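Observations on the model geometry
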Amino acid sequence: MSSRPGAAWPLVAVFTAGYLASYLLPTVVGRLSAHLGLSPAQAGLVGSALLLSSAGAGFALAGRVERFGARTPARAGLLLAAVGYGCAALAGSVPLVVLGVMVGGFGSGTATAVAASGIAARRDPHRTSSLGLLTVSATAGVLYLTIPHLGGGHRLPFAAIALVALLVWPATARLDGARTAEETSSPITGRLPHRRSGLVLAGGMLVWSMAQNALWGVSSRIGLDQAGLSEVTVGAVFAAALGAGLLGVTGAGLLGARLGRAVPIGLGTVVIAASIVLSSSARDLGSFATGEIMWNTVYPVVLSYLIGLAASLDVRGRWAVLAGSASSVGVACGPLLGSVLSEEAGYPAMGLILGAATLLVAAPVTAVALHTGGRPLVPGSVRRRGGAPAALLAATTGGGLSGAVPKLGSPEQAVTELRVRRRRLVRSAIRTAGPDGGSGQSNAYASTSAR
């Protein structure tokens with residue numbers, strides 16, 4: 001990726017197209033069950049196949065986007081999404097729908113990987129990821145308001161996702177192209193930084209996303225079967241919940257890093273766990289709407305900070321892609337897990353299990369935020385993206401450089417990677433100082449012997 005990222009809106013557009021399928025998962029799973037004759041568990045398995053294919057694309061592209069450039073893989077991903085979901089919309093048999101879903105899911109994962117790599121390279125990845133979540137929430141909210149009134153069976157949700165992918169295609173012209181031959185001959189190398197923290201974060205996001213999407217995948221069935229609501233009412237509740245999510249993401253973007261990342265992630269996860277329990281035990285419109293709205297308000301806020309935390313671990317975006325792909329695996333397993341738990345234990349018991357799992361994963365993820373990305377700059381500390389220790393600067397400058405010392409609580413400073421050409425060292429390049437090149441050797445030796 002370029003060391004000077006361009007406008008953010010192309011990345012936001014590609015992010016929206018990649019994430020939209022997971023946001024529409026409840027209506028996709030519900031309509032597959034209602035209109036294709038699948039059981040809830042079978043419909044959940046189709047949703048899991050979609051998201052596992054998406055996660056596979058992310059793992060395959062981790063660390064490789066900058067080699068190909070952002071434009072080509074983004075266009076390939078959008079094309080696969082449009083073709084795959086379009087075929088799933090047109091197909092009437094289950095095998096063809098599953099095939100189209102997996103092709104479309106791979107395209108969604110490719111688009112998401114490109115967007116994650118680009119977001120990580122930006123100066124403020126949290127703000128860009130918040131804008132992306134804001135856009136995808138708004139798009140999904142509009143679709144939840146319109147799809148229940150249009151019918152169309154299982155075809156309409158897939159057609160909507162394919163149409164969004166085609167609409168986003170022109171935005172890829174503003175993304176970086178393939179690297180030149182000169183850049184490709186000297187690729188950037190280096191180990192993944194913060195390996196332990198990155199692995200803990202990726203594992204935590206897998207479990208966290210699994211718990212969220214286990215509920216999200218059966219939310220429409222909770223509203224229809226347990227709370228006794230109509231499909232139009234459930235769609236209106238989802239639209240209102242996603243609208244509340246817009247407000248939450250907007251607030252997170254405005255808040256930025258003022259509280260660090262640990263407080264929003266830790267406190268938000270506790271609120272999410274309580275919302276899961278409330279929503280899964282709902283038996284009327286009031287409790288169902290309250291749980292869904294409260295959950296969808298906080299969920300994208302925490303997700304935006306998790307994405308920002310993963311992006312801060314590596315400026316090349318490798319941890320952002322790997323953690324996002326791990327999250328996609330959790331998202332993929334979520335619908336199947338929710339379907340199995342709801343059938344075997346019932347919705348209220350499912351909510352208690354998922355809430356407990358969410359609380360358990362909050363501790364290690366919050367610890368990563370505290371250790372790696374949640375601490376402000378303080379005097380006497382040296383950080384990967386911070387400044388020099390305050391005491392050292394004061395001693396060497398005599399207090400004369402007023403802007404050299406970061407203030408208490410200052411955010412991390414961005415780092416720009418510079419490519420340095422490696423030149424082969426020849427014998428003539430190594431000689432001692434002295435007049436006329438070679439004579440310096442004897443002069444230096446004589447000088448050393450005299451001392």
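As a starting point, this report considers the structure included with it. (Residues numbered from 1 in each chain as written. Predicted model: local features only at pLDDT ≥ 70, side-chain atom pairs only at ≥ 80, totals over all residues. Heavy atoms only, no water.)

1. With respect to the packing of aromatic side chains
Let me state the cut-off plainly: Centre distance within 6.5 Å is the pairing criterion for rings of Phe, Tyr and Trp, where only the six-membered ring of Trp is used; planes under 30 degrees apart are then read as stacked, over 60 as edge-to-face, and the remainder as tilted. Numbered from the N terminus, helices here are DSSP runs of H or I no shorter than four residues, and strands are runs of E no shorter than two. When accessible area is computed with a 1.4 Å probe and restricted to protein chains, residues below 20% of their type maximum are described as buried, those above 50% as exposed, and intermediate ones as partly exposed.
By the definition in use, this model includes six aromatic pairs. With centroids separated by 6.1 Å and ring planes inclined at 50°, the aromatic side chains of Trp-295 and Tyr-299 adopt a geometry described as tilted. Of this pair, Trp-295 and Tyr-299 both sit in helix H13 (residues 285-312), four residues apart, which is roughly one turn of the helix. Judged by its relative accessible area of 3%, Trp-295 falls in the buried class. Classification of Tyr-299 by relative accessible area gives buried; the value is 14%. Each member of the aromatic cluster is reached from another via a ring pair, and the members are Tyr-144, Phe-238 and Phe-288.

2. With respect to empty space enclosed by the protein
Heads up, the condition is: Two kinds of site are reported from a 1 Å grid over the protein atoms alone, namely cavities, where a 1.4 Å probe fits but cannot get out, and pockets, open sets with protein on both sides within 12 Å along at least five of seven lines, and residues are called lining when an atom falls within 4 Å of a point. Grid points are joined across faces, edges and corners, and a volume is the space filled by probe spheres set on the points. Residues are grouped as follows: Ala, Val, Leu, Ile, Met, Phe, Trp, Tyr, Cys and Pro are nonpolar; Asp, Glu, Lys and Arg are charged; all remaining types, including Gly, are polar.
For the structure on display, the rule yields five cavities of 30 Å³ or more. When its volume is computed, the largest cavity comes out at roughly 300 Å³. For the largest cavity, the lining is made up of 24 residues, of which Tyr-19, Ser-22, Tyr-23, Tyr-299 and Val-331 are closest to its centre. Secondary-structure elements contributing two or more residues to the lining of the largest cavity are helix H1 (9-23), helix H3 (40-61), helix H6 (94-120), helix H10 (195-226), H13 and helix H14 (318-345). In terms of residue class, the lining of the largest cavity is built from 12 nonpolar, 12 polar and no charged. Considering only enclosed or pocket space, the second largest cavity measures out at about 190 Å³ in volume. Looking at the second largest cavity, it is lined by 18 residues, and the ones nearest its centre are Tyr-19, Thr-112, Ala-116, Ala-320 and Gly-324. At the level of elements, H1, H3, H6, H13 and H14 are the ones that each hand at least two residues to the lining of the second largest cavity.

Scope: geometric values only; no functional claims are made or implied.
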